[in-house]
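Residues per chain, in single letters:
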Amino acid sequence: MKRTNKLFMSVLLTASLVIPAYSSDASAAPGSNEKFRVYVEAVSKSAKSTVKSQHKARWELTENGFSTEMNEKQFNALQKNKNVKLTRVQKVTVDTAVRASNSEVKAAEYPSQQTPWGIKAIYNNANQTSTTGGQGINIAVLDTGVNVNHYDLTNTVEQCKDFTRATPITNGTCNDANGHGTHVAGSALADGGSDKAGIYGVAPDSDLWAYKVLGDNGSGYSDDIAAAIRHAADQASSTGTKTVINMSLGSAGNDSLISSAVSYAYSRGVLVVAAAGNSGYSQGTIGYPGALPQAIAVAALENRQENGTYRVANFSSRGYASTDGDYVIQQGDIEISAPGAAIYSTWNNGGYNTISGTSMATPHVAGLAAKIWAQNPNWSNAQLRTNLQNRAKSVDIKGGYGAATGDDYASGFGFARVN
Ligand SMILES: [Ca+2]
Ligand SMILES: [Ca+2]
Ligand SMILES: [Ca+2]
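So, how was this worked out
- Here, residues in each chain are numbered from 1, in the same order as that chain's written sequence.
- The order in which chains are written sets their letters, starting at A; the order in which ligands are written sets their numbers, starting at 1.
- With the structure being a predicted model, the display of local features is reserved for residues of pLDDT at least 70 and the display and counting of side-chain atom pairs for 80 or more, all residues being used for whole-chain, interface and lining totals.
- Working convention: axes come from line fits to C-alpha atoms, limited for helices to the stretch in contact. Angles between N-to-C directions cover 0 to 180 degrees.
- Numbering of helices and strands starts at the N terminus; helices are DSSP runs of H or I of at least 4 residues and strands are runs of E of at least 2.
- In this scheme the crossing of two helices becomes right-handed for a clockwise turn of the near helix relative to the far one and left-handed for an anticlockwise turn of less than a right angle.
- Throughout, a residue-residue contact means that the two C-beta atoms, derived from backbone geometry, are no farther apart than 7 Å.
- Charged residues are taken to be Asp, Glu, Lys and Arg, nonpolar residues to be Ala, Val, Leu, Ile, Met, Phe, Trp, Tyr, Cys and Pro, and polar residues to be all remaining types, Gly included.
- Throughout this description, the term nonpolar core refers to a group of buried Ala, Val, Leu, Ile, Met, Phe, Trp, Tyr and Cys residues whose C-beta atoms join them within 7 Å.
- To sort residues by burial, count the other C-beta atoms lying within 10 Å of each one's C-beta; a count of 20 or more means buried, 12 or fewer means exposed, and anything in between means partly exposed. C-beta atoms are built from the backbone.
- These domain boundaries are the output of an automatic or database domain assignment.
- Only strands joined by at least two bridges in the DSSP assignment are considered to pair.
- Take the number of residues in a helix, subtract one, and multiply by 1.5 Å to get its expected span.
- Each direction from the helix axis to a C-beta atom contributes to the arc, which is the arc of those directions.
- Note on scores: pLDDT gives the predictor's confidence for each residue, bounded by 0 and 100.

Asks: Is there a simple way to think about the packing of helix H4 (residues 180-189) against helix H7 (residues 358-375) in this case?
Replies: The relative placement of two packed helices is expressed as an angle between their axes plus a distance between the axes. The interhelical angle for the contact between H4 and H7, taken along N-to-C directions, is 35 degrees, at an axis separation of 7 Å. Crossing of H4 against H7: the hand is right-handed. Along the contact surface, H4 presents His180, Val184, Ser187, Ala188 and Leu189, while H7 presents Ser359, Met360, Pro363, His364, Ala366 and Gly367. Here the contact of H4 with H7 is composed, by residue class, of six nonpolar, five polar and no charged.

Asks: It is not clear to me how the nonpolar core should be interpreted in this structure. Could you clarify?
Replies: Note that soluble globular proteins tend to have their nonpolar side chains buried in a common cluster. With 107 residues, the main nonpolar core has Val141, Val273 and Ala369 as its most contacted residues. Broken down by element, the residue count for this core peaks at nine residues, all from H7. Counting only domains with at least three residues in this core, you end up with domain 1 (36-89) and domain 2 (92-394). Setting aside its immediate chain neighbours within four residues, alanine 369 contacts Val244, Leu271, Val273, Leu384 and Leu388.

Asks: Sorry if this is basic, but what is going on with the sheet that holds strand E11 (residues 219-221) here?
Replies: Adjacent strands of a sheet form backbone hydrogen bonds with each other and so pair up, either parallel or antiparallel. Overall, antiparallel pairing links the three strands, which are arranged E11-E5-E13 in an open sheet. Pairing within the sheet leaves two strands with one partner each, and these edge strands are E11 and strand E13 (249-250). Relative to E13, strand E5 (residues 91-94) runs antiparallel, the two being bridged by two bridges. Bridge pairing in E13 places valine 94 opposite leucine 249.

Asks: I'm lost on helix H8 (residues 381-394) in this one. Help?
Replies: One turn of the α-helix equals 3.6 residues, which is why residues spaced by three or four share an orientation. A rise of 1.5 Å per residue sets the reference length of H8, with its 14 residues, at 20 Å; its end C-alpha atoms lie 20 Å apart and thus fit the reference within 8%. Here H8 has its buried residues at Asn381, Leu384, Arg385, Leu388, Gln389 and Ala392. Along H8, the residues classed as buried sweep out an arc of 140 degrees about the axis, all on the same side. Facing away from the buried surface of H8 by more than 90 degrees, the exposed residues are Thr386, Asn390 and Ser394.

Asks: What am I meant to see in the sheet that holds strand E2 (residues 36-42) here?
Replies: Strand order in the open sheet formed by three strands is E3-E2-E4, and the pairing between neighbours is antiparallel. Strands at the two margins of the open sheet, each flanked by one partner only, are strand E3 (65-70) and strand E4 (84-88). Across the sheet, the mean angle from the axis of one strand to that of its neighbour is 30 degrees, orientation sign disregarded. Here six bridges tie E2 to E3, and the two strands are oriented antiparallel to one another. Across the sheet, residue valine 38 finds its bridge partner in E3, namely threonine 68.

Asks: Explanation requested: the environment of glutamine 128 in the structure shown.
Replies: Mapped onto the secondary structure, glutamine 128 falls in the loop between helix H3 (117-122) and strand E7 (138-143). The partly exposed category is assigned to glutamine 128, around which 17 C-beta atoms lie within 10 Å. Linking glutamine 128 and tryptophan 117, residues 11 residues apart in sequence, is a C-alpha distance of 9.8 Å. In this structure glutamine 128 touches Thr115, Ile119, Lys120 and Tyr123, once residues within four positions along its chain are discounted.

Asks: Help me understand the pairing of strand E16 (residues 309-312) in this model?
Replies: Walk down a regular strand and you will see the side chains alternate between the two sheet faces. Where strand E15 (residues 295-306) and E16 come together, four bridges link them in antiparallel fashion. From the neighbouring strand, leucine 301 faces E16, where its bridge partner is valine 312.

Asks: Where do I start with unusual backbone geometry in this structure?
Replies: Comment: phi is negative for the bulk of residues other than glycine, and the bulk of peptide bonds are trans. A cis amide bond, omega 10 degrees, links glycine 280 with the succeeding residue tyrosine 281. Tracing the backbone through its elements, the reader meets tyrosine 281 in the loop between strand E14 (271-275) and E15. Of note, the bond from tyrosine 288 into proline 289 is cis; its omega dihedral lies within 30 degrees of zero at 10 degrees. Turning to its location among the elements, proline 289 is positioned in the loop between E14 and E15. One non-glycine residue, asparagine 124, lies in the positive phi region at around 55 degrees. In this fold, asparagine 124 is placed in the loop between H3 and E7.

Asks: Got a minute to help me understand the confidence of the model for the chain in this structure?
Replies: Low pLDDT means the predicted atomic positions in that stretch should not be read closely. Per-residue confidence for the chain gives a mean pLDDT of 90, with 90% of residues at or over 70. Confidence drops under pLDDT 50 across residues 5-28; counting only partners more than four residues distant or on other chains, this segment forms 57 contacts.

In C-alpha cells, the structure reads:
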C-alpha cells in the first residue's frame, strides 16, 4: 500500500552551524524605534497593572511579572520607575551543533529502518522490530514545532500549539520548517503509522503535545519557552494526566524565566528532561536548562563501543569531575546517557533524516520515562526519576572522554534502558 505524506518538501542541510547560545539581540541604536523583548518584574500587583496599561503583556509569567515589547526610549524611561525591575529577554537555541548528513533529504515513503540503533539499544534487543508503551502519558516536545501530518506521528498528536506568535497561544498550529522538532518527536513516540510500516520511537502510545517555542532558524525567546513550560504544567494539572517535558534546547547561561518555570512544572508533578548540550568534551560545558537540579540532563552516546560500553560522544557537554562517584544530582550534573549520535528519525518533509546531538538523546529518555510511567501510574515525578536513575546505575558507561566506572561527569549515572 502506498503511503501518502501530506507534505512534500526538500530541506538542504548545510554544514554544521553553531549559533551562540543565548545570543543577544542586536542592540537597537539609541533612539531607535526597533522593539525588543523585556521582562518586567514589579514590586506589587498594582505596580504591575500600572505598567501593563502602558506596555501590553506578552506573557503573564508570575503574579508580579510579565514580558512585553518596547523600544530603547521606552526602556530607558521605564528604568526610572523604582517599582519595576527590567530584564532584556534572552534568546535560546536548539541544540543541534552536530549534523551527520549534509545532503539533500528527500521525502521517503518508507523508512530504511523501522527501529534505528538507538531504539534497539534502549530496548536492549538487537532484534527489536517495533515498540509499545506510554499509553495515557503526555510528552510535551518544546521545539521548532512538529510536522503533525507525518505518517508516523499524526496518530500520536493530542496538542499542537504555537508560542512564538502574538499572544495568546495559537492553537492548532505548530508548523516545523526546521526539521529538528519533528526529528525529536519521532525518537520519543513515532508509532510506525497506521500501516505499521513506518519508524518507531521509544513510547509510541504516548500522546504528543507539540509546542512550538523556537522559530524556523532554531532560535527562540526565553519568555515563550517559559510560557510553554508553565502551560504544559497547567495542562497536566487540569487534565489530571502525567506529563513529560522534552527540551532539546539550551544555552550556556541560566535564564531566570526558564529556571523558575522549570521549578513551577516540577513542583506540579511534571518530569522535565533536557539536553546536556553539544559543547563537549571539556568539563563544565553543560548548558541550561539541563544543568538545573530539577531537569534531567541527558548526554549523548555513540553507536560505538569503548571499554566494553557505548561511548559518550565528544560533542556531548560535560559536567564537573569534582562530583564523580557521588550519585547525587546537583546543579551542573549530567544525569543520564542515551543514544544521540547518527540518529535516524522522522523529518519535517514527511520523510526521514539522520542527525546527531544531545537533542536526539533527550527524547529517548523522555520516551523511556513515559513508558515506565504508564506502567506505574501512581508514581510521582520524583519516584519516576529515581527509577530512571536506578536503571542508569545498572548500565554503567565507561567509554568516552571523562567516562569512568560509576557516576561520572560525562555519562552521569549511566544508560537508562527499558530492559
Ligand atoms: Ca539537571
Ligand atoms: Ca556526580
Ligand atoms: Ca560511568
